[in-house]
Amino acid sequence: MDVLKAQYEARAKDLEVAKAIVETAAAEDRTMSPDEQVTFERANDEFTRRTKMIDELKSMAAAEQEVRVAQAAHLDEIRPIESAKPVTDDADTIRSLARGEVRSAVFEKRDVLKSSTGSPVPTSFYDQVIMLARATGPMLALSTELATAGGENLQIPRLSTYSTGTVNAEAAIFGESDPAFSAFITLSAFKYGFLTQVSRELLEDSGVDVLALLAANCGNALGFVVNTKLTTGTGTVEPQGIVTASSLGVTGSTAVSGAFTYTNLVNLAYSADAAARALPGFGFMANGPSIAKMRLLTDTAGNFVFQPSMADSTPDRVLGFPLYENPAMADTATSAKSVIAGHFPSYYVRTVGGIRLDRSDDFAFSSDLVTFRCSYRFDGNLPQTSHVKHFIGNAA
């Protein structure tokens with residue numbers, strides 16, 4: 001396979017690049033320079049990516065071979081010929097039906113073209129539906145989840161200001177300074193869902209696992225809308241998204257038409273309080289196109305601010321902070337909140353009972369359709385808006 005061969009050759013080149021850097025540094029008895037480190041990590045990352053692609057191509061090739069074997073097994077099948085039946089034409093059969101001599105008959109249609117309906121050409125069917133690759137987003141994984149059995153309103157108190165200490169003279173009476181609280185954050189339980197109807201014939205006769213397909217579709221569809229609303233929801237008849245609730249950290253320059261710079265990202269991270277930056281879970285969040293722009297940014301010394309992860313279990317980093325990709329974030333543009341930085345567990349998500357997948361054989365009984373209902377109840381908000389800061393693009 002030409003594609004597989006090309007991937008093997010490209011992977012070998014990536015390995016040679018990484019080895020050359022290591023061997024040069026070892027021969028000169030020194031550590032890798034920053035540029036060499038970036039090149040080494042990039043080559044190693046490409047090597048890992050190509051290895052995964054090679055494994056997928058080999059798996060696809062094996063599956064195609066199984067299909068070919070299954071097809072070949074049916075090409076030479078010979079069906080036994082029934083004997084002792086008189087040869088009659090369609091007209092004789094119709095007369096027999098009219099006279100009541102036979103109860104039923106099958107009228108055979110013979111075609112000689114492979115493209116014609118009913119032609120004796122075997123057909124193979126792959127037993128899986130190829131799913132659409134679509135990332136749902138990280139909000140449920142990064143936020144603090146409050147799981148409840150019921151959907152009654154849930155109030156969360158929040159502090160607005162601390163007490164203030166003042167200097168006191170000897171024997172003077174201490175002044176009173178009490179902490180202040182803001183209004184409660186109220187989390188309700190907005191319900192999202194949809195119906196899917198499938199014919200009973202499809203469920204009983206399908207060559208694929210339709211129920212597994214519907215379950216996967218339900219999880220992805222609800223996961224996608226949940227992440228979207230927890231990111232950019234308006235807070236009126238839907239959750240207050242983390243971007244909507246965040247406070248302004250940095251406004252971009254008027255000279256770059258909505259784009260962010262290295263300086264903008266530094267200022268955005270440090271616009272949050274030092275206590276928030278020190279908490280586990282502090283990081284950056286943006287969508288794929290914005291992250292691609294981050295990968296091109298360099299600091300004043302020419303070093304890339306983006307550091308790719310060397311393991312699947314850890315996120316990439318920008319300026320030393322974790323970077324999370326969220327497809328619901330806005331693209332980099334004028335007046336767009338394209339990047340946020342903050343302590344993401346400060347965002348609270350309230351869920352009720354988890355995702356439900358219910359089945360009814362009676363809802364569309366007259367049409368003999370089986371109805372599946374997917375639903376999920378949740379809400380979200382950011383009690384302390386100063387814990388998450390956003391960058392907003394400026395006008396040109």
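All values reported here derive from a predicted model rather than from experimental measurement. (Residues numbered from 1 in each chain as written. Predicted model: local features only at pLDDT ≥ 70, side-chain atom pairs only at ≥ 80, totals over all residues. Heavy atoms only, no water.)

Asks: I would appreciate a short explanation of the sheet that holds strand E9 (residues 321–325) in the present structure.
Replies: Neighbouring strands of a sheet are bound in pairs by backbone hydrogen bonds; such pairs are parallel or else antiparallel. With respect to topology, seven strands assemble into an open sheet ordered E5-E13-E10-E6-E9-E8-E7, the strand pairing being mixed. A strand with exactly one partner marks an edge of an open sheet, and here the two such strands are strand E5 (247–251) and strand E7 (306–307). Summarising the sheet, strand E6 (residues 282–286) and E9 pair through three bridges and their orientation is parallel. Looking across to E9, one finds that Met 285 is bridged to Tyr 324. Seen against the sheet, helix H8 (residues 262–269) touches E5, E6, strand E8 (316–318), E9, strand E10 (337–343) and strand E13 (388–392) and runs at an angle of roughly 35° to E10. (Pairing = 2+ DSSP bridges. Helix = DSSP H or I, 4+ residues; strand = E, 2+ residues; numbered from the N terminus. Contact = heavy atoms within 4.5 Å. Axes fitted to C-alpha atoms, helices over the stretch in contact; angles between N-to-C directions.)

Asks: What exactly am I supposed to notice about the side chain of Glu 41 here?
Replies: With respect to the helices and strands, the residue Glu 41 is situated in helix H2 (residues 34–75). No salt bridge is formed by the buried Glu 41. Its closest oppositely charged neighbour is Arg 42, at 8.4 Å. Here Gln 37 takes part through its side chain, which lies 2.9 Å from a polar atom of the side chain of Glu 41. (Buried < 20%, exposed > 50% of the residue type's maximum accessible area, 1.4 Å probe, protein only. Lys, Arg positive; Asp, Glu negative; His and termini not counted. Salt bridge = Lys/Arg side-chain N within 4 Å of Asp/Glu carboxyl O. Polar contact = N/O pair within 3.5 Å; in protein donor to acceptor, adjacent residues only side chain to side chain.)

Asks: Where do I start with the pairing of E6 in this structure?
Replies: Regular strands place their side chains on alternate faces of the sheet. In terms of burial, E6 is a largely internal element, five of the five residues being buried. Burial of the side chains of E6 extends over both faces: Phe 282, Phe 284 and Ala 286 are buried on one face and Gly 283 and Met 285 on the other. Across four bridges, the pairing between E6 and E10 is antiparallel. Pairing of Met 285 across the sheet is with Ile 340, part of E10.

Asks: Would you take a moment to explain the state of the cysteines for this structure?
Replies: Here, the word disulfide means a covalent bond between the sulfur atoms of two cysteines. Enumeration according to the criterion identifies one disulfide in this entry. For Cys 218, the disulfide goes to Cys 374, at an S-S distance of 2.4 Å. In this pair, Cys 218 is assigned in helix H6 (residues 210–232) and Cys 374 in strand E12 (residues 369–381), connecting sequence segments 156 residues apart. Cys 374 gets classed as buried once you look at its relative accessible area, which sits at 3%. (Disulfide = S-S within 2.5 Å.)

Asks: I keep staring at the sheet that holds E12 and nothing clicks. Help me out?
Replies: Here four strands make up an open sheet; going across it, the order is E1-E11-E12-E4 and the pairing mixed. Whereas interior strands pair on both sides, the edge strands pair on one side only; in this sheet they are strand E1 (144–148) and strand E4 (190–199). Mean inter-strand twist for the sheet, computed between neighbouring axes without regard to direction, equals 25°. Where E4 and E12 come together, ten bridges link them in antiparallel fashion. Directly across from Gln 197, in E12, lies its bridge partner Thr 371.

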